[in-house]
Every structure is written in C-alpha cells, then in structure tokens.
Amino acid sequence: MRAYRDQYAELFNEGRNVVLMAISNDSPEEGASWLRDEDFPYLFGSDAENGGATFAAFGGSLRDDGMVGSRAVIVVGPDGRVAKVMERFNQVDPAAYEELAAVIDEVTPEPEEGS
C-alpha cells in the first residue's frame, strides 16, 4: 500500500479528479489506522462486516469464500463512474502499476499544451 502512496503523483496525474479506493477484508479500524499512520492520499474500504456486498456493489467478483480478493482496487474517473475494478491488485508487482497507470491515463488524458 505504501507503493501506491509513493507513486501517487506519477500514476494519478497529480490526483486530477480521480478517486482510488482500496477494498479489503481488513476491519474498518485497521483501515483507519493505516490511513492515519501512513498518510495515504486515497480511500480505504472494508468489507469485513458485510460479506463483500460493498465490493460487489462496485462490480467486483468475490472469491469462492465470498470475500474480497487481496487488496482490490476501484478507480473512479472524473465523471464519477467506476472506470476499473482491479479484483486482486498485487502491490509488489510493477505490472500492476503499469495497468493502473494505463487506466488513469485513459480516464484523465494529459491536458494539451496551452490548455
């Protein structure tokens, strides 16, 4: 999760109107503690208490045990719509960040010079 934070400006075009939400089975208290301790610039969601209903509402598919995959990520574009549901984001895999960057670039194209 720290890699998200450390690459935020680069991956998220300086955060321009994009919302990132990491959803896991961690308790709400655990997520709040991470946010407070690490100063993450995005949201954490917990599905620990409602059996994956939150993640499913965003279009995610639950594992066979009815739980969210490890560190699922939801990207909401500037239009307020879900741009991508990454059901199992591997935070130590550089390819995961390349995929995430491609989604961000798609929903927030770089402004043209002089704009």
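Small disclaimer: the values here were computed from a predicted structure and weren't measured.

**A word on the pattern of salt bridges**
Pairing between side chains becomes possible if they bear opposite charge and their charged atoms approach one another.
Consideration 1: Applying the stated rule across the entire model yields one salt bridge.
Consideration 2: Glu-99 is the partner of Lys-84 in a salt bridge, and the nearest nitrogen-oxygen pair spans 3.4 Å. On the criterion of sequence distance, the pair formed by Lys-84 in strand β4 (residues 82-86) and Glu-99 in helix α5 (residues 94-107) is long-range, its members being 15 residues apart.
Consideration 3: Judged by its relative accessible area of 37%, Glu-99 falls in the partly exposed class.

**Re the sheet that holds strand β1 (residues 19-24)**
Consideration 1: Strands sit in the order β2-β1-β3-β4 across an open sheet of four strands; the sheet is mixed. In the strand order of this sheet, the two ends are held by β2 (43-46) and β4, each with one partner. With direction set aside, neighbouring strand axes in the sheet form an average angle of 20°.
Consideration 2: Across five bridges, β1 lies against strand β3 (residues 72-76) in antiparallel orientation. Within β3, the residue paired with Ala-22 across the bridge is Val-73.
Consideration 3: Here α5 sits on the sheet in contact with β3 and β4, set at roughly 170° to β4.

Parameters and conventions
- Residues numbered from 1 in each chain as written.
- Predicted model: local features only at pLDDT ≥ 70, side-chain atom pairs only at ≥ 80, totals over all residues.
- Heavy atoms only, no water.
- Salt bridge = Lys/Arg side-chain N within 4 Å of Asp/Glu carboxyl O.
- Helix = DSSP H or I, 4+ residues; strand = E, 2+ residues; numbered from the N terminus.
- Buried < 20%, exposed > 50% of the residue type's maximum accessible area, 1.4 Å probe, protein only.
- Pairing = 2+ DSSP bridges.
- Axes fitted to C-alpha atoms, helices over the stretch in contact; angles between N-to-C directions.
- Contact = heavy atoms within 4.5 Å.

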